[in-house]
There are 2 protein chains.
Amino acid sequence: MSDIRLFDYWRSSASYRVRIALNLAGLDYETVPVDLLDRAHKSPEHLERNPQGLVPVLDIDGQRLTQSLAMVEYIDETRKAGFLPADPAERARVRALAYAVAVDVHPVCNLGVVAHVANLAPGDTVREDWMRHFIAPGLAAFEKLLAGFPPARFCAGDAPGLADICLIPQLYNAHRWGVSLDDFPRIRAVEAACAQHPAFDAAKPTKPE
Amino acid sequence: MSDIRLFDYWRSSASYRVRIALNLAGLDYETVPVDLLDRAHKSPEHLERNPQGLVPVLDIDGQRLTQSLAMVEYIDETRKAGFLPADPAERARVRALAYAVAVDVHPVCNLGVVAHVANLAPGDTVREDWMRHFIAPGLAAFEKLLAGFPPARFCAGDAPGLADICLIPQLYNAHRWGVSLDDFPRIRAVEAACAQHPAFDAAKPTKPE
């Protein structure tokens, strides 16, 4: 049994980020599924783990962590994983790229937010319309921000980092909700590079049996 | 004229965070207003500054930065501002606290998101109902997370840091939209401490004349 445990949900983008980061850092971990559709994230047991009632939760090094972005920074700081460049200005630019999806798109497309929208404005396509309305321009902005980085295998160089860790789960959602990547060649190239990387491949969402 | 320029909007929470951080670090800066109500953030001029069409944008040390959280980390890294503790696990916990509002509440209550909701579900109170629906439970979770930190003047100790920088602008919005803080004594105590701190006081939203 591993000492690192990730409480996650297979389709949660935030959980997906942390699986990628753990894999990139070469860390063994076990996952404990928290079924959002069963509302297991709002159970007393899970609220005890995280008062926010969200996944993922990460037990690592004898600590319990919440918030995927905080976990990724922790893994980077403690395992020297190289998710961020050394130069502060470069770090800020990579963080800004990551946050363009992780902060400005992902939370707005959270399951709880979209469920609330569907309550306010019922309709057959309200969920997918909402997703497309925010994911498509979010990725368009990401593509423009990427243009500020020299072309490379990954978002910000020849090794994967924070921006790739945040982008790939967002692209999973883009495909799920029918957002085309046709206009985003740089994003498609990064997606292709990540698809060939074992750390990303092993982190892919897989429905538990 | 200062070498540091912040393109901001007086009522933007993300801009407010950066004003606090610059003040805490003792940095002189000038602000350049970008009027969101005039859609100046979607003008070619501003999209040139930030393809996301968002405020704030920060010119500092000859670099142009976007994303408030990336700016705050940059200021911390380059000015040794002490916004985060030194220990990685403690850093992760403070970041998680900050992100509980900056990632999980703030983007969902963004002007553009709420405008889209109001289009989908017209109604006199749709904006304020939306704000309350997300701000109140977000602060309730923040209060529970705070309980994991020893009581202190600020969120995570006797000096203000990342969590306070993110909390105070969120509280400005809570007051604006009529969310009561009655059930959140720890949050109220931090708010009172920050109200007496000159860096927070000087950063308060003030409508340009």
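None of the values given here were measured: they were computed from a predicted structure. Throughout, residues of each chain are indexed from 1 in the direction in which the sequence is written. Here chains are named by letter from A upward and ligands by number from 1 upward, in the order in which they appear as written. Only residues with pLDDT of at least 70 are given local features in this predicted model, and only at 80 or more are side-chain atom pairs given and counted; all residues enter the totals for whole chains, interfaces and linings. Each side-chain value is worked out from all heavy atoms of the structure, with water and hydrogens disregarded.

Comments concerning the relation of the copies chain B and chain A
Working step 1: Copies are brought into register by a least-squares superposition over C-alpha atoms of residues with pLDDT of at least 70 in both. At an RMSD of 0.0 Å, chain B and chain A line up after a rotation of 180° and a shift of 0.0 Å along the axis. One copy is carried onto the other by what is essentially a two-fold rotation axis.

Focus on unusual backbone geometry
All names here are of chain A.
Working step 1: A cis amide bond links Val-55 to the next residue, Pro-56, at an omega of 0°.
Working step 2: Note on placement: Pro-56 falls in the loop between helix 2 (44–49) and strand 3 (57–60).
Working step 3: If you check the backbone angles, Gln-67 has positive phi at about 75° while not being a glycine.
Working step 4: Numbering goes from the N terminus for both helices and strands, where a helix is a DSSP run of H or I of at least four residues and a strand is a run of E of at least two. By secondary structure assignment, the location of Gln-67 is in the loop between strand 4 (63–66) and helix 3 (68–79).

A word on the sheet that holds strand 4 of chain A
All names here are of chain A.
Working step 1: Two strands make a pair as long as DSSP finds a minimum of two bridges between them. The four strands are arranged 2-1-3-4 in an open sheet whose pairing can be described as mixed. The open sheet has two edge strands with one neighbour each: strand 2 (30–33) and strand 4. Across the sheet, the mean angle separating the axes of adjacent strands is 20° when strand polarity is ignored.
Working step 2: Strand direction decides the pairing type here: strand 3 and strand 4, joined by four bridges, are antiparallel. Pairing of Val-57 across the sheet is with Thr-66, part of strand 4.
Working step 3: Contacts between helix 1 (residues 13–24) and the sheet are confined to strand 1 (5–8) and strand 3, with strand 1 contributing the most and set at about 160° to the helix. Fitted lines through C-alpha atoms serve as axes, helices being fitted only where they are in contact, and the angles separating the N-to-C directions of these axes extend from 0 to 180 degrees. Should any heavy atoms of two residues lie within 4.5 Å, those residues are counted as being in contact.

Details of the packing of aromatic side chains
Working step 1: Aromatic rings from Phe, Tyr and Trp, taking only the six-membered ring of Trp, are treated as a pair when their centres fall within 6.5 Å; an angle between ring planes under 30 degrees marks them as stacked, one over 60 as edge-to-face, and anything in between as tilted. Under the defined criterion, the tally for this structure stands at seven aromatic pairs over all chains.
Working step 2: Measuring from centroid to centroid gives 4.7 Å for A:Trp130 and A:Phe134, while their planes differ by 55°, and the two rings are tilted. Residue A:Trp130 and its partner A:Phe134 are both found in helix 6 (residues 126–146); the two are separated by four residues, about one turn of the helix.
Working step 3: Look at A:Trp130 and you get buried, because its relative accessible area is 0%.
Working step 4: With a 1.4 Å probe rolled over the protein chains alone, any residue whose accessible area is under 20% of its type maximum counts as buried; one over 50% counts as exposed, and the rest are partly exposed. Given a relative accessible area of 13%, A:Phe134 falls into the buried group.
Working step 5: Every member of this aromatic cluster is reached through a ring pair, and the members are A:Trp130, A:Phe134, B:Trp130 and B:Phe134.
Working step 6: The lysine or arginine in question, A:Arg93, covers the ring of A:Phe149, its NZ or CZ lying 4.3 Å from the ring centre. By definition, being over a ring means that NZ of Lys or CZ of Arg is both within 6 Å of the ring centre and within 35 degrees of the ring normal.

Brief notes about the domain arrangement of chain A
All names here are of chain A.
Working step 1: By the assigned domains, chain A splits into domain 1 (5–79) and domain 2 (88–201).
Working step 2: Reported domain spans reflect what an automatic or database domain assignment gives. The C-alpha-based centres of domain 1 and domain 2 are spaced at 20 Å.
Working step 3: The interface of domain 1 with domain 2 comprises 15 residues on the first partner and 19 residues on the second.
Working step 4: Accessible area that two parts lose when put together, with a 1.4 Å probe and added across both, is what the buried area reports. Of the roughly 1,600 Å² buried between domain 1 and domain 2 on both sides combined, carbon and sulfur atoms contribute 64%.
Working step 5: What makes a salt bridge here is a side-chain nitrogen of Lys or Arg within 4 Å of a carboxyl oxygen of Asp or Glu, nothing more. Viewed at the interface, domain 2 and domain 1 are joined by one salt bridge.
Working step 6: Arg-95 is the partner of Glu-73 in a salt bridge, and the nearest nitrogen-oxygen pair spans 2.8 Å.
Working step 7: Residues adjacent in sequence count toward polar contacts only when both atoms are side-chain atoms; beyond that, a polar contact is any pair of N or O atoms within 3.5 Å, and within protein one must be able to donate a hydrogen and the other to accept it. Our enumeration of links across domain 1 and domain 2 arrives at four residue pairs in polar contact (both at pLDDT 80 or more).
Working step 8: Where the side of domain 1 that touches domain 2 is concerned, the elements lending two or more residues are helix 1 and helix 3.
Working step 9: The dominant element in the side of domain 1 that touches domain 2, judged by the number of residues it contributes, is helix 1, at eight residues.
Working step 10: Here the residues of the side of domain 1 that touches domain 2 are counted per class, giving ten nonpolar, two polar and three charged. Asp, Glu, Lys and Arg are counted as charged, while Ala, Val, Leu, Ile, Met, Phe, Trp, Tyr, Cys and Pro are counted as nonpolar; the rest, among them Gly, fall into the polar class.

Notes on helix 3 (residues 68–79) of chain B
For an α-helix the count is 3.6 residues per turn, leaving residues at separations of three or four pointing the same way.
Residue and element names in this part refer to chain B.
Working step 1: A helix is expected to reach a length of 1.5 Å times the quantity of its residues less one. Here helix 3 spans 16 Å end to end across twelve residues, near enough to the 16 Å set by a 1.5 Å rise per residue.
Working step 2: A large share of helix 3 lies buried, amounting to ten of its twelve residues.
Working step 3: Within helix 3, the full set of buried residues consists of Ser-68, Leu-69, Ala-70, Met-71, Val-72, Glu-73, Tyr-74, Ile-75, Asp-76 and Glu-77.
Working step 4: Of the residues trailing helix 3, Lys-80 is marked for its positive phi of about 45°.

Here we look at the interface of chain B and chain A
Interface size is often expressed as the accessible area that is lost when the parts come together.
Working step 1: Listed as interface residues are 38 residues of chain B and, on the opposing side, 38 residues of chain A.
Working step 2: In total, about 3,500 Å² of surface goes out of reach between chain B and chain A, with carbon and sulfur atoms giving 72% of it.
Working step 3: Our count for the contact surface shared by chain B and chain A stands at six salt bridges.
Working step 4: Of the charged contacts, one joins A:Arg91 and B:Glu77 as a salt bridge, the two residues approaching to 2.9 Å between their closest N and O atoms.
Working step 5: The interface formed by chain B and chain A holds ten residue pairs in polar contact (both at pLDDT 80 or more) in total.
Working step 6: Put simply, the parts of the chain that give the side of chain B that touches chain A at least two residues each are strand 4 (63–66), helix 3, helix 4 (88–102), helix 5 (111–120) and helix 6 (126–146) of chain B.
Working step 7: Top contributing element to the side of chain B that touches chain A by residue count: helix 4 of chain B, with nine residues.

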